[in-house]
Amino acid sequence: MSKILIIAEKPSLAKTIIKAVGGKGTFKDFYEDSNYIITSQFGHLLELKSIGEYKNNLERNKKWTLDDLPYFPKEFEYKVKNDIGIKQRYNVIKNLIKRPDVVEIVNAGDPDREGETLVNIVIYKIFNELNINKKITRIWLDPLTEEKIREELQSRKNIENTKNLFIEGKTRAYLDWLYGINLTEYNTLKVGKLMNTGRVIIPLVRWVYDRDMQIRNFVPEKYYPIAVEINKNQKNIKLDFKELKFDSREKAENIFCRIKDINIKVEDIESKEQVRRPKKYQHFKHICFKNIKSQFQKH
């Protein structure tokens, strides 16, 4: 009998799918009934190869060199992570995919770009290793309910429908690798100690640095605001026109004279207690990025 193999992104999702198809929600490596085989990844099973692996020189991973930086692979290649549990689960999925009774494979990754990519790269890598090609479909579990799972399993979409999402995910992974490998090695070799650098870290550090410099170089400016008080039910209500700020007292008084006789109707008064606490991260941020800036200024 032909069966459908469902690959979830993580075990917790696989358990929910198993319950949705009538199982108990527990499994070791996979669950199987008359229609479905359900298994899961542990999130990231694969990672992109290192420079040393691309160059067939693993010693190069132990001792970095500027000679081959920047490095751009002719073609990006994934490998199974060096972890016993991950390797075992990869082989489980591989053996399930090659079963002759499995005629269709369902990507049940999370409903986003990462979920699309994490499961697809495993399926296609196994296809290449086994030199096979089977039908791949996608289910989009949002919201994640048993009813939604059953609905999606009855209306599985061809994987081509989310091809652009897969391309986006791979492109992001390739950019992370290019930035991370090249800049981390370059900065580390120049500075003399490990300097992790990446696509996200660079703009984040720059944003915090710029903001920190704005705070340090802030010069107070004198200005004149406008405020009025209204008496309602024997209570004084102060209205601040915060957007009205003037660089001279004369300008502020001129505007005040023009608006002071305007009728303002107060229909209701509402009050509430508000507690303001100082931000806890300010001191830590100052120390952390002071050290980072000193490293950049030094080198």
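All values derive from a computational prediction rather than experimental measurement.

A. Highlighting the environment of Ser 34. As for its position among the elements, Ser 34 is in the loop between strand E2 (30-32) and strand E3 (36-40). Taking the relative accessible area as the measure of exposure, Ser 34 reaches 44% and is therefore partly exposed. For the pair Ser 34 and Lys 3, spaced 31 residues apart in sequence, the C-alpha separation works out to 7.4 Å. Excluding anything up to four places from it in sequence, Ser 34 contacts Met 1 and Lys 3.

B. Structural context of helix H4 (residues 84-97). If you check H4, its first and last C-alpha atoms are 20 Å apart, about what 14 residues at 1.5 Å a residue would give, namely 20 Å. Those residues of H4 not exposed but buried are Ile 86, Arg 89, Tyr 90, Val 92, Ile 93, Leu 96 and Ile 97. Buried residues of H4, viewed axially, fall in a sector of 155°; they line one side. Projecting away from the buried face of H4 at angles above 90 degrees are the exposed residues Ile 84 and Gln 88. N-capping of H4 is provided by Asp 83, with a side-chain oxygen placed 3.0 Å from the backbone N of Gly 85.

C. Looking closely at the confidence of the model for the chain. The predicted model of the chain has a mean per-residue pLDDT of 86, with 90% of residues at 70 or higher. This stretch, residues 287-299, has a pLDDT under 50; its non-local contacts, to residues over four places away or in other chains, come to twelve contacts.

D. Representation of unusual backbone geometry within the structure. Of the consecutive residues Leu 69 and Pro 70, the connecting peptide bond is found in the cis state with omega at -5°. Locating Pro 70 in the fold gives a position in the loop between helix H3 (59-62) and strand E5 (78-80). Backbone torsion omega between Asp 142 and Pro 143 reads 10°, so that peptide bond is classified as cis. Position of Pro 143 among the secondary structure elements: in the loop between strand E7 (135-138) and helix H6 (146-154). Non-glycine residue Asn 56 carries a positive phi angle of around 55°. Non-glycine residue Asn 131 carries a positive phi angle of around 55°. Of note, Asn 131 is situated in the loop between helix H5 (113-130) and E7. Classification of Asn 131 by relative accessible area gives exposed; the value is 71%.

E. Molecular detail of the packing of H5 against helix H7 (residues 163-191). Their axes nearest at 8 Å, the elements H5 and H7 cross at an angle of 85°. Considering the angle they form, H5 stands roughly perpendicular to H7. Contact residues: Arg 113, Glu 116, Thr 117, Asn 120, Ile 121 and Tyr 124 in H5; Leu 165, Phe 166, Glu 168, Gly 169, Lys 170 and Arg 172 in H7. Looking at side-chain class alone, the contact of H5 with H7 contains four nonpolar, three polar and five charged residues.

About the thresholds
- Each chain has its residues counted from 1, following the order in which its sequence is written.
- With pLDDT at 70 or above as the cut-off, local features in this predicted model cover only qualifying residues; side-chain atom pairs require 80 or more to be listed or tallied, and sums for whole chains, interfaces and linings still use all residues.
- Hydrogens and water molecules were not included; the side-chain quantities draw on all heavy atoms of the structure.
- Segments assigned H or I by DSSP are reported as helices when at least four residues long, segments assigned E as strands when at least two residues long, and all are numbered from the N terminus.
- Type-normalised accessible area, obtained with a 1.4 Å probe on protein chains alone, sets the label of each residue: buried when under 20%, exposed when over 50%, and partly exposed for intermediate values.
- In this description, contact between two residues means that some pair of their heavy atoms is separated by no more than 4.5 Å.
- An expected span of 1.5 Å times one less than the residue number is assigned to each helix.
- By definition, the arc is the one covered by directions from the helix axis to the C-beta atoms.
- Residues adjacent in sequence count toward polar contacts only when both atoms are side-chain atoms; beyond that, a polar contact is any pair of N or O atoms within 3.5 Å, and within protein one must be able to donate a hydrogen and the other to accept it.
- Every residue gets a pLDDT, meaning the predictor's confidence in that residue, from 0 to 100.
- Between N-to-C directions, angles span 0 to 180 degrees; the directions come from axes that are lines fitted to C-alpha atoms, helices contributing only their stretch in contact.
- Each angle gets one of four labels, with under 35 degrees taken as roughly parallel, over 145 as roughly antiparallel, 65 to 115 as roughly perpendicular, and the rest as oblique.
- Following the grouping adopted for this structure description, the nonpolar residues are Ala, Val, Leu, Ile, Met, Phe, Trp, Tyr, Cys and Pro, the charged ones are Asp, Glu, Lys and Arg, and the polar ones are all others, Gly among them.

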